[in-house]
Amino acid sequence: MTRQTVTHEDGAIYEFAPDLEAIETVDSGAALTIETRDSLDGAVQDESDVIESVPEEVNAATGPIAVEGARPGDVLRVELEAIRLAEQQGRVVTIDGFGLLDGDEEIDAPRTRLTPVVDDDGDTPSIRFADLAVPVEPVIGTIGVAPATESYTTLVPHDHGGNMDTTDVTAGNTIYFPVFQEGAMLAMGDCKAAMADGEMCGTGAEIATEIDCTVEVLADPDHDLERPLLETDDAWKPIVSAETLEVACERANRDAIELLAAEHGFDETEAYMFSSLVGGLEISQVVDPLVTVRNAIPKAYLSSPF
C-alpha cells in the first residue's frame, strides 16, 4: 500500500478549534506517515538553552488532516503502526510555572538536560540521561480532532483528545476519537523518545518523529463515543481529562461502566461493581491545565465496542 507523507513543514496547529482548515485530505483507509517537530519547535539544542516560561505556542501538531466521509457522530480509528525518531537527541526541561513540583525551592526551573540517542550494537536504542540508559519507547503526546464547540490550545487535553500525554499512545496500539466536525480534522505531534506515566516534570524526552498510521472512518458506530478510547493488545482504555484526578477517575469509571453494561447486559450498579473487579485506573499526566487518566478493561471482559 502506498503511504502518503504529511509533514509539519506543510502545516501545524497550536489550537484545536471547530473551524480548522485541512492541509491535506485523505480517504478512509489511507496509510500515512506524519512528520512532527519537537514540542519546543527546535528552541532547545544545547543545555544552555532554557525555556523561561511556557511558550504561547507549544506542542505543534502536524495537520489538520481531513478524512473523507467523516461526519459528526462517526468515530475516527487511528492505528499507530510505527514511531521513528527523526533526530539524534531529545530534551527534558523544567519551566517556571509548570510541572508537578512547580515552586518547590529545591527544584531548579528553568533547566535543560539533553538526552542523546544511542544505538547499543543493534539492540533497542536508548537515550542517555547523564550515564544512565533509558530504553527508547516513543509516545505521541498530543493527538486529536477538531472539537465540537470550544477551542483548546495544544497544551490542553479534552474530549477531542489534544495534549493527553498518555504512554499507551504508541506504536502497536489504536486510538479512537469521536468525530465532531466534517472530516474529523486529525492532528498530532509533541512526541517523546521516552516518558513515564504522570510526566511529572512537565516533559518527556521531547523529540521530532515520523509516525506511520492508518486512518479509518467508522460510520454510525454501535457505541456513542464521547471521548478518546484506546485499544491495546489486551485492553480497552477510556481516556478522560478533567480539572482534578478525582473527576477524571469518576468519568473514566463511568465510561467503563457504560461499556461493560452494554457488553454483558448489566444494569448500572452491576457494571459498577464489576468494574471494581476488573478495571484498572492509570494516571496519564498530572501537569497540563487538565489532568488525564485512563481505565483499563481487559479484553477478556470486553469485546470491541464498535
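Per-chain numbering applies: the sequence of each chain, read as written, is numbered from 1 onward. Local features in a predicted model are, by the rule used here, given only for residues with pLDDT of at least 70; side-chain atom pairs are given and counted only at 80 or more, and totals for whole chains, interfaces and linings are based on all residues. Water and hydrogen atoms play no part in the side-chain values, which are based on all heavy atoms of the structure.

Helix numbers and strand numbers start at the N terminus; a helix is a DSSP run of H or I with at least 4 residues, a strand a run of E with at least 2. When helices and strands are tallied, the protein shows 2 helices and 23 strands. Here the C-alpha coordinates of the protein stretch approximately 60 × 45 × 40 Å along the principal axes. The contact criterion used throughout is that any non-hydrogen atoms of two residues lie within 4.5 Å. Taking all contacts inside the protein whose residues are at least 6 apart in sequence as the whole, residues at least 24 apart take part in 77%. In summary, the charge assignment counts Lys and Arg as positive and Asp and Glu as negative, without counting His or the chain termini. Where a charge sits is defined by one atom per residue type, namely NZ (Lys), CZ (Arg), CG (Asp) or CD (Glu). For the protein, the distance from the average position of its 16 positive side-chain charges to the average position of its 63 negative side-chain charges is 3 Å.

Looking now at a nonpolar patch on the surface. Each patch groups residues whose relative accessible area exceeds 30% and which form no salt bridge, using 9 Å between like charges and 5 Å between nonpolar side chains of Val, Leu, Ile, Met, Phe, Trp and Tyr. Note that accessible areas follow from Shrake-Rupley with a 1.4 Å probe, and for residues the cover is restricted to the protein chains shown. One side-chain nitrogen of Lys or Arg within 4 Å of one carboxyl oxygen of Asp or Glu is enough to make a salt bridge. The grouping of L100, L101, I107 and M200 at the surface amounts to a nonpolar patch, some 360 Å² of accessible area in total. One can find L100 in the loop between β8 (89–94) and β9 (111–118).

The next thing to look at is the sheet that holds strand β10 (residues 126–129). The antiparallel open sheet is built from 4 strands, whose spatial order is β8-β9-β10-β11. Single-partner strands in this sheet number two, and they are β8 and β11 (132–135). Between one strand axis and the next, the sheet turns by 30° as a mean value, whatever way the strands run. Two strands form a pair only when DSSP identifies at least two bridges running between them. Where β9 meets β10, 2 bridges bridge the pair, whose relative direction is antiparallel. Each residue of the ladder has a partner; that of V117, found in β10, is I127. To obtain each axis, a line is fitted to C-alpha atoms, and for helices this fit is confined to the stretch in contact; angles are then taken between N-to-C directions over 0 to 180 degrees.

Moving on: the pattern of salt bridges. For the structure shown, the criterion picks out 24 salt bridges. The salt bridge partner of R294 is D168, with a shortest N-O separation of 2.8 Å. Taken together, the residues R294 in strand β22 (residues 291–295) and D168 in the loop between β15 (161–162) and β16 (174–178) connect sequence positions 126 residues apart. Classification of R294 as buried rests on a relative accessible area of 2%. For every residue, the accessible area obtained with a 1.4 Å probe (protein chains only) is divided by the maximum for its type, and the residue is called buried under 20%, exposed over 50%, and partly exposed between those limits.

Once that is clear, we can look at helix α2 (residues 268–278). All buried positions along α2 are accounted for by A271, F274, S275 and V278. An end-on view of α2 places all buried positions within 110° of arc, on one side of the element. Of the exposed residues in α2, those oriented more than 90 degrees away from the buried face are T269, M273, S276 and L277. Where α2 begins, one side-chain oxygen reaches toward the backbone nitrogen of T269, 3.1 Å away; that side chain belongs to D267. The directions considered for the arc are those from the helix axis to the C-beta atoms. Identification of polar contacts relies on pairs of N or O atoms within 3.5 Å, with a donor-acceptor requirement for protein atoms, meaning one able to donate a hydrogen and the other able to accept it, and with residues adjacent in sequence counted only if both atoms are side-chain atoms.

Spatial relationships are all this shows, so hold off on functional conclusions.
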